[in-house]
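# Reading the structure
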Amino acid sequence: MVKAIIAPSMLSSDFANLASEAQRMLNCGADWLHMDVMDGHFVPNLTLGAPVIESLRKHTKAYLDCHLMVTNPLDYVEPLGKAGASGFTFHVEASRDNWQELVQQIKSKGMKPGVSLKPGTPIEEVYPLLDGENSVELVLVMTVEPGFGGQKFMPEMMDKVRTLRKKYPSLDIEVDGGLGPSTIEAASSAGANCVVAGSSVFGAPDPAQVISLMRNSVEEAQKRS
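Residues numbered from 1 in each chain as written. Predicted model: local features only at pLDDT ≥ 70, side-chain atom pairs only at ≥ 80, totals over all residues. Heavy atoms only, no water.

Per an unreviewed UniProt entry, the chain goes by Ribulose-phosphate 3-epimerase and derives from Nicotiana attenuata. If you open the UniProt record of the chain and go to Catalytic activity (unreviewed entry), you find "D-ribulose 5-phosphate = D-xylulose 5-phosphate". The Sequence similarities (unreviewed entry) field of the UniProt record for the chain holds the comment "Belongs to the ribulose-phosphate 3-epimerase family." (UniProt positions renumbered as here; feature names shortened; annotations may be inferred.)

Pasting the structure below:
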């Protein structure tokens, strides 16, 4: 049984108070902190990088789940490893030619390797990264187009989650985009166990209640399956 993991997306936090926002989420029951790294090329937006992760690491021992929406993920392995990132999830679309080297480098820096795919990318594209000797340990199924927060959840992406869960029962399957109380049931019943949630947690009057509701949804779905 894979563990239910709730990872608030720090992209929705108050960046001027990152350390206290991170602590607030952990106090509310968060398991991981999700860090969106965007380069302005792979996606049009530009967010945080290694210096911000390094600054936050000084204030928390939490698992920093880094999602790299970048054109050259290999360039980020060393800086993020030094900065104290826990997980390094790259996009399959940006690493078709060098993913084996990339996974090896990520593991050598003590980070957990993951692969993500955009809504338009077929799920079959990640199979080679899961079936080889040097495999990733997490798949992040984007449930919105990557690059911006606050988008609407795409329920049709749940077919990818179902297919993955059937093929890889013990895999960490993460979903990101538009997740909250109204959409968690679709994701958890499809087999997702890691849930990234931004505005639905940070914008809630009681973030702890939202985190708890999402965790319960994942755990209940696992009992039913």
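Further remarks concern the overall build of the chain. Helix and strand content of the chain: 9 helices and 8 strands. A globule of 225 residues ought to have a C-alpha radius of gyration of about 17 Å, and the chain, at 16 Å, matches this closely. Summarising its shape, the C-alpha atoms of the chain cover approximately 40 × 40 × 30 Å along the three principal directions. Scored against the burial criterion, the 225 residues of the chain give a buried share of 55%. Long-range pairs, those at least 24 residues apart, make up 68% of the contacts in the chain between residues at least 6 apart in sequence. With the model as given, the accessible surface of the chain reaches about 9800 Å², and the carbon-plus-sulfur share is 50%. On the chain, the mean spot of the 20 positive side-chain charges and the mean spot of the 27 negative ones are 4 Å from each other. (Helix = DSSP H or I, 4+ residues; strand = E, 2+ residues; numbered from the N terminus. Rg over C-alpha atoms; globule rule 2.2 N^0.38 Å. Buried < 20%, exposed > 50% of the residue type's maximum accessible area, 1.4 Å probe, protein only. Contact = heavy atoms within 4.5 Å. Areas by Shrake-Rupley, 256 points an atom, 1.4 Å probe, with all protein chains shown as cover. Lys, Arg positive; Asp, Glu negative; His and termini not counted. Charge placed at Lys NZ, Arg CZ, Asp CG, Glu CD.)

As annotated by UniProt and renumbered to match this structure, "active site" (unreviewed entry) occupies Asp-36 and Asp-176. Spatial clustering of the annotated residues is evident: they stretch over 141 residues in sequence, but the largest pairwise C-alpha distance comes to 10.7 Å. Locating Asp-36 in the fold gives a position in strand β2 (residues 32-38). The contacts of Asp-36, once residues within four sequence positions are left out, are Ser-9, Leu-11, Thr-47, Leu-48, His-67, Met-69 and Asp-176. A distance of 3.0 Å separates polar atoms of two side chains, one belonging to Asp-36 and the other to Ser-9. Structurally, Asp-176 is set in strand β7 (residues 172-176). (Polar contact = N/O pair within 3.5 Å; in protein donor to acceptor, adjacent residues only side chain to side chain.)

Residues annotated by UniProt as "binding site: substrate" (unreviewed entry) correspond here to Ser-9, His-67, Gly-147, Phe-148, Gly-149, Gly-150, Gly-178, Gly-198 and Ser-199. When you line up the elements, Gly-149 lands in the loop between β6 (138-142) and α6 (158-167). Considering the arrangement of structural elements, one finds Gly-150 in the loop between β6 and α6.

For the rest of this paragraph, the subject is the pattern of salt bridges. In this structure the tally under the stated criterion is 10 salt bridges. The residue Glu-21 makes a salt bridge to Arg-24 at a minimum N-O spacing of 2.9 Å. Highlighted residues: Glu-21 and Arg-24, both in helix α1 (residues 18-27), separated by 3 residues, approximately one helical turn. For Glu-21, a relative accessible area of 11% gives the class buried. (Salt bridge = Lys/Arg side-chain N within 4 Å of Asp/Glu carboxyl O.)

An order of β1-β8-β7-β6-β5-β4-β3-β2 is seen for the 8 strands of this open sheet, with the pairing classed as parallel. Each edge of the open sheet is held by one strand with a lone partner, namely β1 (5-8) and β2. Taken pair by pair, the neighbouring strands of this sheet meet at an average axis angle of 25 degrees, ignoring direction. The strands touched by helix α2 (residues 50-57) are β2 and β3 (63-69); relative to β3, the strand with the most contacts, the crossing angle is about 175 degrees. The strands that helix α9 (residues 207-224) touches are β1 and β8 (194-197); relative to β1, the one it contacts most, it runs at about 145 degrees. (Pairing = 2+ DSSP bridges. Axes fitted to C-alpha atoms, helices over the stretch in contact; angles between N-to-C directions.)

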